[in-house]
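Spelled out, the chains give:
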Amino acid sequence: MKNIALKLMYNGAAYHGWQVQKDLPTVAETLEKALSSVCGGRVKVTGCGRTDAGVHAERYVANFRTDSRIPCERLPLAVNTRLPEDIAVAAAFEVDEGFNAIGSCLKKEYTYRIYNSRIHNPFYVDRAYFYPKRLDEAVMDRAARAFEGKHDFRAVRSVGTETRTTVRTIYYCYVTRSADLLELKVCANGFLYNMVRAITGTALYAAEGKLTPEDIPAILESGNRTLAGPTVPPGGLYLTKLWYEDERLNG
């Protein structure tokens with residue numbers, strides 16, 4: 001039996017996240033149905049992370065096991081003909097037996113996008129957070145950088161999936177602006193439930209003057225979720241980069 005890794009991308013607006021859920025459309029369930037049709041048997045996929053309802057992925061890796069003899073180079077096109085237009089498989093590779101899309105992932109980068117203009121843009125609906133009040137990206141960037149390093153991130157997670165530890169390492173976290181589009185990029189060795197959306201909400205609070213970037217270390221130290229900013233909407237969040245030992249899957 002072969003272990004196959006897929007590189008894919010999806011627009012998550014129509015889905016209730018990655019993970020299969022009873023009676024709700026999800027990315028994993030949609031992909032499994034397409035793969036099962038192509039491979040001629042029931043397929044179960046393991047994803048690199050649980051993106052929430054409405055969250056997108058410009059880069060995503062999943063793996064599955066199959067006895068199918070279809071060559072890997074032909075698999076993407078075969079599967080894509082059975083997928084809706086908002087999900088696409090870009091590449092497929094046979095990987096080591098021990099490879100696991102989530103367990104083998106070394107680090108991830110998420111990007112949160114804010115459309116910062118007095119007039120909303122229809123093309124960013126469910127793809128960026130519309131925020132009409134002018135934001136100071138320099139203040140937001142200072143706030144974002146305060147999250148860098150190894151910390152207990154309990155103060156910026158929502159109640160959700162339980163984990164053994166809430167300590168993570170953020171390798172970089174910063175904010176940039178291009179015209180009306182703001183981007184917060186954060187790379188870490190792991191993320192807690194709603195962590196990126198809460199970090200973004202805290203950076204927004206700093207720009208609004210509700211807290212200062214210098215307050216953030218104490219907020220993290222407290223572990224108190226109520227001291228940090230709100231959890232911003234999911235439509236602006238994208239999984240944008242992944243790192244593996246198998247360099248074919250990076251990017």
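Analysis parameters
- Residues numbered from 1 in each chain as written.
- Predicted model: local features only at pLDDT ≥ 70, side-chain atom pairs only at ≥ 80, totals over all residues.
- Heavy atoms only, no water.
- Helix = DSSP H or I, 4+ residues; strand = E, 2+ residues; numbered from the N terminus.
- Buried < 20%, exposed > 50% of the residue type's maximum accessible area, 1.4 Å probe, protein only.
- Contact = heavy atoms within 4.5 Å.
- Areas by Shrake-Rupley, 256 points an atom, 1.4 Å probe, with all protein chains shown as cover.
- Lys, Arg positive; Asp, Glu negative; His and termini not counted.
- Charge placed at Lys NZ, Arg CZ, Asp CG, Glu CD.
- Salt bridge = Lys/Arg side-chain N within 4 Å of Asp/Glu carboxyl O.
- Core = buried A, V, L, I, M, F, W, Y, C linked by side-chain atoms within 4.5 Å.
- Pairing = 2+ DSSP bridges.

**Q** I'd like a rundown of the overall build of the chain, residues and numbers included.
**A** Check the secondary structure of the chain and you find five helices and 10 strands. Looking at the chain as a whole, 51% of its 251 residues are labelled buried. Sequence-distant contacts, at least 24 apart, represent 71% of the contacts inside the chain between residues at least 6 apart. Entry remark: accessible area of the chain is about 12,300 Å², with carbon and sulfur atoms responsible for 50%. Counting 33 positive and 29 negative side-chain charges, the chain places the centres of these two groups 2 Å from one another.

**Q** Let's hear about the pattern of salt bridges: which residues, and what values?
**A** One pass over the full model with this rule turns up 13 salt bridges. Between Lys 33 and Glu 29 there is a salt bridge, with the nearest N and O atoms lying 3.8 Å from each other. Taken together, the residues span about one helical turn, with Lys 33 and Glu 29 both in helix H1 (residues 27–39) at a distance of four residues. Judged by relative accessible area, which is 57%, Lys 33 ranks as exposed. With relative accessibility at 24%, the residue Glu 29 sits in the partly exposed group. Arg 145 serves as the salt-bridge partner of Asp 141, at 2.8 Å between the closest nitrogen and oxygen. Of this pair, Asp 141 and Arg 145 both sit in helix H3 (residues 137–145), four residues apart, which is roughly one turn of that helix. On the basis of relative accessibility, which here comes to 16%, the residue Asp 141 falls in the buried class.

**Q** Lay out the nonpolar core in plain terms, naming residues and giving numbers.
**A** In terms of nonpolar packing, the biggest core is built from 77 residues, with Leu 6, Leu 8, Trp 18 and Leu 31 touching the most fellow members. Dropping the residues within four chain positions of it, Leu 31 is found in contact with Leu 6, Leu 8, Trp 18, Val 45, Val 79, Leu 83 and Val 89.

**Q** Which residues make up the pairing of strand E8 (residues 167–178), and what are the values?
**A** With four bridges connecting them, strand E7 (residues 149–152) and E8 associate as antiparallel partners. Across the sheet, residue Gly 149 finds its bridge partner in E8, namely Ile 170. By the bridge criterion, eight bridges tie E8 to strand E9 (residues 181–188) in an arrangement that is antiparallel. In the sheet register, Arg 177 faces E9, and the bridge partner there is Leu 182. Linking E8 to E9, which pair antiparallel, is a turn of two residues; within it Ala 179 sits at a positive phi near 55 degrees.

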